Amino acid sequence: MDKGGTDVASLNIGVHAPPQGLYSIDFENAPTEYPGQPDIASGYGGFRFGDKLDGNLWTVAESGGNEYVVTNPYNPFFDRVDGKLFTIEGVDVATVFDPAYQGVDALVTFEGYIGGNKVSEMSLTVYGDTIGDGQHISLEALGAVDFIRFDIQPDVEPTGFPQLAFDNFTVLV
């Protein structure tokens, strides 16, 4: 019997931690929450997109082979599943996810929160384009926050607002 030998073992544990650092969320092949339904899965890309305050989620949509998300008018917010601070360095946004909304511009006010307290706000006009022609905006002026909500004017329900289409988030955590 040898004394003083060393045993070597390997242990791998699979952990599904949200992404960290600088990364992109593009919604291509994004999982859905319910089979056969377009609701985006909670936690995709490390975020909750309008997640279940009243049972409504944002939905995955497709145009010309490009997948993107359409907001839910009752849950206009997104936050990290792990509660960490994040900055949205850039995102594509549009008002036209349906041909009926062609040419409808909207004033959108984004609010940043930390621990339930509003810490920043910015407003901009989102032009009435399709997501393929949407504008690329930066939300860096909100700073590092743990929750972002937005409000859209004009509020012309029931014709669809307040809703936006988003794609290609660039996130820094």
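Structure: above.
The text that follows walks through the structure, step by step, so that each part is easy to find. Since the structure is predicted, the reported quantities are computational estimates derived from the model, not experimental observations.

1. Let's talk about the pairing of strand E4 (residues 66-70)
Here comes step 1: Within E4, four of the five residues are buried, which leaves it mostly tucked inside the rest of the structure.
Here comes step 2: Linkage of strand E3 (residues 59-63) to E4, two consecutive antiparallel strands, is achieved through a turn of two residues, within which Gly64 is found at a positive phi near 60°.
Here comes step 3: In this sheet, strand E11 (residues 165-172) lies alongside E4 in antiparallel orientation, the contact comprising two bridges. Bridge assignment links Val70 to a residue of E11, and that residue is Ala165.

2. A few points about the pattern of salt bridges
When their charged atoms lie close together, side chains carrying opposite charge are able to pair.
Here comes step 1: Under the definition given, this model contains five salt bridges.
Here comes step 2: For Asp82, the salt bridge is made with Arg80, and the minimal N-O distance between the two is 2.8 Å.
Here comes step 3: The class of Arg80 is buried, set by a relative accessible area of 0%.
Here comes step 4: In this structure, the salt-bridge partner of Lys118 is Glu111, at a minimum N-O distance of 3.5 Å.

3. Here we look at the sheet that holds strand E8 (residues 117-126)
Here comes step 1: Here five strands make up an open sheet; going across it, the order is E2-E5-E10-E7-E8 and the pairing antiparallel. Single-partner strands in this sheet number two, and they are strand E2 (47-49) and E8. Taking the axes of each pair of neighbouring strands and ignoring which way they run, one obtains an average angle of 15° across the sheet.
Here comes step 2: Both strand E5 (residues 77-80) and strand E10 (residues 147-153) contribute to a ladder of three bridges, which runs antiparallel. Considered in E10, the bridge of Asp79 is made with Phe147.

4. Thoughts on the side chain of Asp79
Here comes step 1: Following the sequence through the fold, Asp79 ends up in strand E5.
Here comes step 2: Residue classification places Asp79 among the buried residues on the basis of a relative accessible area of 10%.

5. A short note on the environment of Gln135
Here comes step 1: Here Gln135 shows up in strand E9 (residues 135-137).
Here comes step 2: Through-space distance from the C-alpha of Gln135 to that of Val91 is 8.3 Å; in sequence the pair is 44 residues apart.
Here comes step 3: Discounting residues that sit within four places of it in the chain, Gln135 has contacts with Val91, Asp92, Val93, Thr125, Val126 and Tyr127.
Here comes step 4: Only 3.2 Å separates the side chain of Gln135 from the backbone oxygen of Thr125, close enough to count as a polar contact.
Here comes step 5: At a separation of 2.8 Å, a polar atom in the side chain of Gln135 contacts the main-chain amide nitrogen of Tyr127.

6. Observations regarding the packing of aromatic side chains
Here comes step 1: Enumeration according to the criterion identifies 20 aromatic pairs in this entry.
Here comes step 2: Taking 5.3 Å as the distance between ring centres and 40° as the angle between the ring planes, the aromatic pair formed by Phe49 and Trp58 counts as tilted. Both residues of the pair, Phe49 and Trp58, belong to the buried class.
Here comes step 3: One aromatic cluster is present, built from ring pairs that chain together Phe27, Tyr44, Phe47, Phe49, Trp58, Phe78, Phe86, Phe110, Phe150, Phe166 and Phe169.
Here comes step 4: In this arrangement the basic side chain of Arg80 is found over the ring face of Phe47, its NZ or CZ atom lying 5.7 Å from the centre.

7. Considering the environment of Pro18
Here comes step 1: Its place among the elements puts Pro18 in the segment before strand E1 (22-25).
Here comes step 2: Separated by 66 residues in the primary sequence, Pro18 and Lys84 place their C-alpha atoms 9.9 Å from one another.
Here comes step 3: In this structure, Pro18 is in contact with Gly46, Arg80, Val81 and Asp82, ignoring residues within four places of it in sequence.

Reading the values: the criteria
Residues numbered from 1 in each chain as written. Predicted model: local features only at pLDDT ≥ 70, side-chain atom pairs only at ≥ 80, totals over all residues. Heavy atoms only, no water. Buried < 20%, exposed > 50% of the residue type's maximum accessible area, 1.4 Å probe, protein only. Helix = DSSP H or I, 4+ residues; strand = E, 2+ residues; numbered from the N terminus. Pairing = 2+ DSSP bridges. Salt bridge = Lys/Arg side-chain N within 4 Å of Asp/Glu carboxyl O. Axes fitted to C-alpha atoms, helices over the stretch in contact; angles between N-to-C directions. Contact = heavy atoms within 4.5 Å. Polar contact = N/O pair within 3.5 Å; in protein donor to acceptor, adjacent residues only side chain to side chain. Phe/Tyr/Trp six-rings, centres within 6.5 Å; stacked < 30°, edge-to-face > 60°. Lys NZ or Arg CZ within 6 Å of the ring centre and 35° of its normal.

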